[in-house]
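Spelled out from the first residue to the last, the chains are:
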Amino acid sequence: EDIIQPNEVPDSDKVIVNLAIDGEEEIGTKSVVTIAESGIADITLFIFQDGKCSETFYAPPTNGKLNIVSEKGYASNASIDVYGVLNMGDRRSEVSIGGSVSTLGNLVYNMGALTSLNSNGFPMAGSVTNAPVGTPFTIHMRRLTAKYGFKINTSNLKYGKFTVTSLQFKNAMRYAYPFVEQNKATATSQIYASSGDYATSNNITALNNGY
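Residues numbered from 1 in each chain as written. Predicted model: local features only at pLDDT ≥ 70, side-chain atom pairs only at ≥ 80, totals over all residues. Heavy atoms only, no water.

Participant: Break down the pattern of salt bridges for me, with residues and values.
Facilitator: All told, the structure shown has 3 salt bridges when counted by the stated rule. The shortest N-O distance in the salt bridge between D11 and K14 comes to 3.2 Å. The class of K14 is partly exposed, set by a relative accessible area of 24%. We note a salt bridge from R91 to E94, for which the minimum N-O separation is 2.5 Å. Overall, R91 belongs to the buried group, its relative accessible area being 10%. (Salt bridge = Lys/Arg side-chain N within 4 Å of Asp/Glu carboxyl O. Buried < 20%, exposed > 50% of the residue type's maximum accessible area, 1.4 Å probe, protein only.)

Participant: Give me the sheet that holds strand β2 (residues 43–49): which residues, what numbers.
Facilitator: Taking strand neighbours across the sheet as the criterion, the 6 strands line up as β1-β7-β6-β4-β2-β3 in an open arrangement whose pairing is mixed. Each end of this open sheet is capped by a strand with a single partner; those strands are β1 (17–21) and β3 (52–59). Taken pair by pair, the neighbouring strands of this sheet meet at an average axis angle of 20°, ignoring direction. The pairing of strand β4 (residues 80–86) with strand β6 (residues 124–131) spans 6 bridges and is antiparallel. Residue pairing across strands places Y83 opposite S127, the latter belonging to β6. (Pairing = 2+ DSSP bridges. Helix = DSSP H or I, 4+ residues; strand = E, 2+ residues; numbered from the N terminus. Axes fitted to C-alpha atoms, helices over the stretch in contact; angles between N-to-C directions.)

Participant: Before we move on, could you go through a nonpolar patch on the surface and cite the residues and values that matter?
Facilitator: A cluster of nonpolar residues, I21, I40 and L66, forms a patch on the protein surface that exposes about 180 Å² of accessible area. On the secondary structure map, L66 appears in the loop between β3 and β4. (Patch = residues over 30% accessible without salt bridge, like charges linked within 9 Å, V, L, I, M, F, W, Y side chains within 5 Å. Areas by Shrake-Rupley, 256 points an atom, 1.4 Å probe, with all protein chains shown as cover.)

Participant: I'd love a proper account of helix α2 (residues 201–208), names of residues and values included.
Facilitator: Of the residues making up α2, those classed as buried are N203, I204, A206 and L207. Seen along its axis, α2 keeps its buried residues to an arc of 160°; they face one direction. In α2, those exposed residues whose orientation departs by more than 90 degrees from the buried face are S201 and N202. (Arc of directions from axis to C-beta.)

What follows is the structure in structure tokens.
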């Protein structure tokens, strides 16, 4: 029997993945983070068949597009689950071929310095269970970092003046477990104790002007 080469797998036997970035519109003040909130630096995909890892992929964008080619075909009635992470580098080595889907619970992302987001992008993750074979489907990727809006309302201030001089996040987690339902810090080393995100001087001016 002839061996089917990757580019010869018929479309009807392929796992065809589209990506969508979930989230609100970007807001004007972004403190130390300047990258577009929907920017993609790279993607790692894990395909599971019957609960066991069958393929892993990693790709950075080429000419603004992601190109991932499956090396095997799947039956139309195959039980397929697809998990993906964005902007976390190549994570293929953390899930072995044949490994259980539960292995994904050990996958962790360390953001390090917040300014690293400017080059690596925001970490995101998403999954689709019971994915179809041969029919395009969409994985909705959600950011693993929270976004906070902050606005000052002084309309009811009767006396004096309220002025913001600084604004900084404290005790924010620096680790994210993409496929664990609840994340919590268990040690001080897992949080930004005193070096979290902060408002720039331009942000401070905007806040005091009611933005």
